[in-house]
Amino acid sequence: VVRCDDLSTGPADRASHLTTWDTTGGVVTYNPLRHVPLTVIIFKSKSDIFGGYDTNFRHVVWFGLMASIMVLMVGGFWLTQRFQAIVSSQALAATLAGIDQGILMIDSHDHVSVSNQRALVLLRLRREGDPAPTTIDAVDRIVSAGTTVLAHRDHRVVETIMEDGQVLEVRTTSLKNGKTIHTLTDITVRHVAEERIRYLAHHDMLTGLPNRTQLDQ
């Protein structure tokens, strides 16, 4: 606080209003007091004025940089996992398409989650886009009409002779997560060979009449 007479100011400076101007080292503000020959002068250096701003700015920049790095890391991880999932899915599809067995996986909500074209052919379904109930019903009909050759706690094997003479083997495995896997195999050739072996074991090769073994039985 200084006397107004000690300041070398212009007419505007002697008015009772707040005046501010910049200097090399900071900002000076002075206000002449009305009816009092005193002037209040306040000086703040630039470090005092912008110190908090610089600190907050550095914090914001640092936080933004860290957030950007985290987003990039999460995005990169997600892209890697997505790419691996696509590769695995393609590999699974190629594997299912290349095997001679039909594969069906039915989840706990009775939805077909995995299937291949061979399964649809063995089930006599027209196309892969058939609704799930048609696929499930087809499997249930084949299993119901077949003969159980093996039954275990979580595993069952059924052989069914279709109307056209084709013999299908359906292996059903129940998983702990509620899913069920059906494996369908065309065993017509094996079934014919087994029937032929049984016939030859009980009939004469020349006459076709029952042999001693069948007569003894």
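This structure is a prediction, so every number in the text was calculated from the model and none was measured.

### Concerning the nonpolar core
Within soluble globular proteins, side chains that are nonpolar tend to cluster in buried spots. By size, the foremost hydrophobic cluster in this structure holds 15 residues, and its most contacted members are Leu-104, Leu-123, Ile-142 and Leu-184. If you list the elements that add at least two residues to this core, you get helix H3 (117–122), helix H4 (132–145) and strand S9 (167–174). Broken down by element, the residue count for this core peaks at four residues, all from H4.

### A few points about the sheet that holds strand S6 (residues 112–115)
Pairing within the open sheet is antiparallel, and its six strands lie in the order S6-S5-S10-S9-S8-S7. Each of the sheet's edge strands pairs with one partner strand only, and the pair in question is S6 and strand S7 (147–151). Ignoring strand direction, the axes of neighbouring strands in this sheet form an average angle of 20°. Pairing between strand S8 (residues 155–161) and S9: seven bridges, direction antiparallel. Following the sheet pairing, Thr-160 is matched in S9 by Leu-168. Together, S8, S9 and strand S10 (180–186) form the strand contacts of helix H5 (residues 188–202), whose direction differs from that of S9 by roughly 115°.

### Comments concerning the pattern of salt bridges
Enumeration according to the criterion identifies seven salt bridges in this entry. For Arg-190, the salt bridge is made with Glu-169, and the minimal N-O distance between the two is 3.3 Å. One end of the pair, Arg-190, is in helix H5; the other, Glu-169, is in strand S9, and 21 residues separate them in sequence. Looking at Arg-190, the relative accessible area reads 40%, which means it is partly exposed. Of the charged contacts in the structure, one is a salt bridge between Glu-195 and Arg-198, with a shortest N-O distance of 2.3 Å. With Glu-195 and Arg-198 both in helix H5 and three residues apart, the pair spans about one turn of that helix.

### A few points about unusual backbone geometry
Positive phi values are uncommon outside glycine, yet Asp-110 reaches one of about 60°. In this fold, Asp-110 is placed in the loop between strand S5 (102–106) and S6. A positive phi angle, close to 65°, is found at Arg-124, a residue other than glycine. Relative to the elements of secondary structure, Arg-124 occurs in the loop between H3 and H4.

### As for the pairing of S9
Taken residue by residue, a regular strand's side chains alternate between the two faces of the sheet. From the end of S8 to the start of S9, which pair antiparallel, there are five residues, and Gly-165 there has a positive phi angle of about 95°. Two strands pair when backbone bridges link them, and S9 and S10 are joined in this way by seven bridges, in the antiparallel orientation. Note that in S10 the partner of Ser-174 across the bridge is Thr-180. Linking two consecutive strands that pair antiparallel, namely S9 and S10, is a turn of five residues; a positive phi of about 95° is found at Gly-178 within it.

Cut-off values and rules
Residues numbered from 1 in each chain as written. Predicted model: local features only at pLDDT ≥ 70, side-chain atom pairs only at ≥ 80, totals over all residues. Heavy atoms only, no water. Core = buried A, V, L, I, M, F, W, Y, C linked by side-chain atoms within 4.5 Å. Buried < 20%, exposed > 50% of the residue type's maximum accessible area, 1.4 Å probe, protein only. Helix = DSSP H or I, 4+ residues; strand = E, 2+ residues; numbered from the N terminus. Pairing = 2+ DSSP bridges. Axes fitted to C-alpha atoms, helices over the stretch in contact; angles between N-to-C directions. Contact = heavy atoms within 4.5 Å. Salt bridge = Lys/Arg side-chain N within 4 Å of Asp/Glu carboxyl O.

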